[in-house]
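As a plain string of letters, each chain reads:
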Protein chains: 6
Amino acid sequence: MILLTRKADFSAAHFYWNPAWSEEENVRVFGKCANRQGHGHNYTLEVTVAGEIDGVSGFVVDLKLLKEILEREVVSVYDHRHLNYEVPEFAEASGAVPTTENIAVAIWRRLEGKIPGARLHRVRVYEMPDLFADFYGEGA
Amino acid sequence: MILLTRKADFSAAHFYWNPAWSEEENVRVFGKCANRQGHGHNYTLEVTVAGEIDGVSGFVVDLKLLKEILEREVVSVYDHRHLNYEVPEFAEASGAVPTTENIAVAIWRRLEGKIPGARLHRVRVYEMPDLFADFYGEGA
Amino acid sequence: MILLTRKADFSAAHFYWNPAWSEEENVRVFGKCANRQGHGHNYTLEVTVAGEIDGVSGFVVDLKLLKEILEREVVSVYDHRHLNYEVPEFAEASGAVPTTENIAVAIWRRLEGKIPGARLHRVRVYEMPDLFADFYGEGA
Amino acid sequence: MILLTRKADFSAAHFYWNPAWSEEENVRVFGKCANRQGHGHNYTLEVTVAGEIDGVSGFVVDLKLLKEILEREVVSVYDHRHLNYEVPEFAEASGAVPTTENIAVAIWRRLEGKIPGARLHRVRVYEMPDLFADFYGEGA
Amino acid sequence: MILLTRKADFSAAHFYWNPAWSEEENVRVFGKCANRQGHGHNYTLEVTVAGEIDGVSGFVVDLKLLKEILEREVVSVYDHRHLNYEVPEFAEASGAVPTTENIAVAIWRRLEGKIPGARLHRVRVYEMPDLFADFYGEGA
Amino acid sequence: MILLTRKADFSAAHFYWNPAWSEEENVRVFGKCANRQGHGHNYTLEVTVAGEIDGVSGFVVDLKLLKEILEREVVSVYDHRHLNYEVPEFAEASGAVPTTENIAVAIWRRLEGKIPGARLHRVRVYEMPDLFADFYGEGA
């Protein structure tokens, strides 16, 4: 078994806000991230797949196909978007707060089962170079 | 003469929009940056000052003071903000489009004349690792 | 379960020396690191915690609190210090040689049990960009 | 147990080509990597070893020795070479396609059993900053 | 006046060889770069243009257009190519040795006069992260 | 004319202290850098030379020779050293405070006139990734 990781980038706006809390409570918990005008980040996504190396091609996964899947399932949905208003998993009434942790889980769910011939192993999301979350799937 | 450069970071949301144009024209010129929900970036700022080395301290500028000036004049105003709504030079009726070029000029104007004992030499702003603007002042 | 990693930096001096060995033996094993005047590094610390995402806040750990803990328990003790003279785990008679491996273990011991609501998962220490150690705890 | 990782770099040329396929099939699967003139990369290698910290030296592995082993077993063979013509595991009749995955496996086989006092844990190979493969050994 | 810089990447193979010299002389001057099988690099190109900021768009140059020009004039010609065999300025009988310096000059000549509304200011080429050349034009 | 830049690294200890000042004054000006046990950094040096490209070799300067000069004149003197005790320009009675600015000037003086066939154009020294000094020579 071998692991292959490909990175992708997206730039998005977000803020942290729990409508069930007062403004004071939101600011106490979320600090300056609670500014509802939003701020933003250059996110870096690392997607790791696991599998066996194909003896003929030398690939664990078709690289062009993997790039297309990341573009279609994640980048086209998140890039140049305001996560709190335009991305369903964070924008809907039942939406989660778009923390780095929740973004990693949401991207996992978008990618799981979509990569032919390999198993999704890890989703890593950097919000900034000094902060990132890793998700290995629901049962991990 | 020697040059000293210090970096600082801020995370902000923005979008590109000219109210005098139609939506079609805005999209034609600005592409996905014209999405008025906004998106965002981790901006990196490099401020370069020029001067003579003080023979006693070995400094061209007091580093702690320079850091405080960058924090007070720029980071506290731009960080975790939506540039189009919260930063005067881009938010007011006469505000400029918050392109990387205009952000570099605006930061120059915020810093010019504020650094004791040294001359502001260059303001560099990275919007992403692969795109940056340099401004050397009005007369340069 | 999800993993969240935050980085922190500290600049410190150190040298490698075993008082039970001759100078020749120290130089043979430690090379130029055996220079007892000391040299130094910009260390980068990555601390990874594991836990469940809080359904309300979206956090596995309070980020501001995590930053405060790293500052209080590690950075304030190690930064701008000479590890061999000023940091107890390396300075005392029973102190260890401040190798990257021993620094990772020492930081683990400083952080273990101090992070409310999450489990310390990994401590990674970079001495230079091309050399780092990972520690997952005593029983790992 | 602790993990220690050291990086090394090599610059090499390669191309992807399966002689059992037509030119069309090679281009369909390998895209522009199928150009048989070759192209090239600055590869980055990360070698991770696992072991116990020596209580006297503070090392899990002698760093100078590890560097020499990486130089002798890998860098001197791969650096400034055309992988498809000059490196046996890719050049011989039975050679594999020099994909990032196959390079990681080949480097594992070159290093396994060569590092005194520690166990080879992981070989990571970056072909570019946004693409890398991890191999943990045949039985992993 | 303001400067705007955009980066682009290409991966290529090359070697250094002067056909007027003996093999010994080539190896003496070019070292391991004289291996005629070729090796390769991930090159990074930084193109800087100078101009006035358009008061309406806030751009010194149309970013999408600049990206297209870099792709058409440079990346499509150099990427995944063997410079010594496939890129005319290095492959022809009168071709130059593809050193970092000569690549910077060649890219300048490919771009000069092609960027509407702005002046080409600098071409920087990184062969590796620790080696780069800057060219400011023939008369500079 | 073209510019060629090569990087080199050294790890060193230092502290800031003016013996003519009281301890209070040293701490007021230099902050935690005034700790006389010393701390340290991974310094990065960028040396830029200017010249004409040799029409035969394609080099502005012999790269192997440039690397040897940087090693002999700078790295062998600064690396794994305590600047305040072991490097003459900072250690002697008349020594300067080893600030980033003074280190850049000192390295310029060590290199000036030592690079055959090219002119020293700039010395850049990074003390940390977010702080660097540039020196262009005495008359610049």
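Throughout this document, residue positions are counted from 1 along each chain, in the order its sequence is written. To read the labels, note that chains go from A and ligands from 1, taken in the order they are written. Residues qualify for local features only when their pLDDT is at least 70, as the model is predicted, and side-chain atom pairs are given and counted only at 80 or more; totals for whole chains, interfaces and linings, by contrast, use all residues. Only hydrogens and water are removed before side-chain values are computed, so all heavy atoms of the structure are retained for them.

J.: With reference to specific residues and values, describe the interface of chain B and chain A.
T.: Buried accessible area, meaning the area lost when the parts come together, often serves as the stated size of an interface. Any two residues whose heavy atoms approach within 4.5 Å at even a single point are treated as in contact. Facing 21 residues of chain B, the contacting portion of chain A comprises 21 residues. Between chain B and chain A the total buried area reaches about 1,600 Å² when both faces are included, carbon and sulfur atoms providing 51% of it. Looking only at chain B, the three residues that lose the most surface to chain A are Q37, N42 and H80 of chain B, adding up to 37% of its buried area. Any carboxyl oxygen of Asp or Glu within 4 Å of a side-chain nitrogen of Lys or Arg constitutes a salt bridge here. At the boundary of chain B with chain A, the tally comes to 2 salt bridges. Between D79 of chain A and K32 of chain B there is a salt bridge whose closest N-O contact spans 2.7 Å. Counted as a polar contact is a pair of N or O atoms within 3.5 Å, where, for protein atoms, one must be capable of donating a hydrogen and the other of accepting one, and residues adjacent in sequence contribute only when both atoms are in side chains. Taken together, the connections running from chain B to chain A amount to 19 residue pairs in polar contact (both at pLDDT 80 or more). Contributions of two or more residues to the side of chain B that touches chain A are made by β1 (2–14), β2 (39–51), β3 (81–82), α3 (83–86) and β4 (119–128) of chain B. For the side of chain B that touches chain A, the element with the highest residue contribution is β2 of chain B, accounting for 4 residues. Take the accessible area each of two parts loses on contact, using a 1.4 Å probe, and add the two losses: that sum is the buried area. Secondary structure follows DSSP: runs of H or I at least 4 residues long count as helices, runs of E at least 2 residues long count as strands, and numbering of each begins at the N terminus.

J.: Before we move on, could you go through the environment of V74 of chain F and cite the residues and values that matter?
T.: Residues and elements named next belong to chain F. Within the secondary structure layout, V74 lies in helix α2 (residues 63–78). Taking the C-alpha atoms as reference points, V74 and F10, separated by 64 residues in sequence, lie 8.8 Å from one another. Beyond its immediate stretch of four places on either side in the chain, V74 contacts F10, L45, I69, I107 and L111.

J.: Now, about the pattern of salt bridges: what can you tell me, with residues and values included?
T.: Enumeration over the complete set of coordinates arrives at 72 salt bridges over all chains. Here R28 of chain A makes a salt bridge to E25 of chain A, at a shortest N to O gap of 2.9 Å. One end of the pair is R28 of chain A and the other is E25 of chain A, both in helix α1 (residues 23–30) and 3 residues apart, which spans about a single turn. In this structure, E73 of chain B engages K114 of chain B in a salt bridge whose closest nitrogen and oxygen atoms are separated by 3.4 Å. Here the residue E73 of chain B occupies a position in helix α2 (residues 63–78), and K114 of chain B occupies one in the loop between α5 (100–111) and β4, the gap between them amounting to 41 residues. Judged by relative accessible area, E73 of chain B falls into the buried class, the value being 14%. Linked through salt bridges whose partners overlap, the residues forming this network are K7, E46, R122, R124 and D134 of chain A. When accessible area is computed with a 1.4 Å probe and restricted to protein chains, residues below 20% of their type maximum are described as buried, those above 50% as exposed, and intermediate ones as partly exposed.

J.: Can you break down the relation of the copies chain B and chain A residue by residue, with the values?
T.: Between chain B and chain A, which share one sequence, the superposing operator has a rotation angle of 180° and an axial displacement of 0.0 Å; the RMSD is 0.0 Å. Taken together, the turn and the small shift mark the pair as related by a two-fold rotation axis. When the interface residues of chain B are mapped onto chain A, 100% of them again lie at the interface, so the same face is used by both copies. Residues below a pLDDT of 70 in either copy are left out; the C-alpha atoms of the rest, at least 70 in both, set the least-squares superposition of the copies.

J.: An account of the relation of the copies chain B and chain E is needed here, citing residue identities and associated values.
T.: Relative to chain E, chain B is turned by 120° and slid 0.0 Å along the rotation axis, the superposed coordinates differing by an RMSD of 0.0 Å. On the angle and the small slide along the axis, the relation comes out as a three-fold axis. For chain B, the residue whose C-alpha comes nearest the rotation axis is P129 of chain B, separated from it by 8.2 Å.

J.: I'd like to hear about the environment of R109 of chain D, residue by residue, with values.
T.: As for its placement among the helices and strands, R109 of chain D is situated in helix α5 (residues 100–111). Separated by 29 residues in sequence, R109 of chain D and E138 of chain D place their C-alpha atoms 9.2 Å apart.

J.: So what about the packing of aromatic side chains? Which residues, and what values?
T.: Pairing of aromatic side chains requires ring centres within 6.5 Å, counting the rings of Phe and Tyr and the six-membered ring of Trp. Pairs whose planes differ by under 30 degrees are stacked, by over 60 edge-to-face, and all others tilted. For the structure shown, the criterion picks out 60 aromatic pairs over all chains. Seen in terms of ring centroids, W108 of chain B and F135 of chain B are 5.7 Å apart; in terms of plane orientation they differ by 85°. Their pairing is edge-to-face. Here W108 of chain B, found in helix α5, pairs with F135 of chain B, found in strand β5 (residues 131–135); they are 27 residues apart in sequence, far enough to count as distant. The two residues W108 of chain B and F135 of chain B agree in class, both being buried. Three or more aromatic residues link up through ring pairs in this structure, and these residues are F10, Y43, Y78 and F90 of chain A. Geometrically, a charge over a ring is one whose NZ (Lys) or CZ (Arg) sits within 6 Å of the ring centre while staying within 35 degrees of the ring normal. Across the ring face of W17 of chain A, the terminal group of R36 of chain A is positioned such that the distance to the ring centre comes to 3.6 Å.

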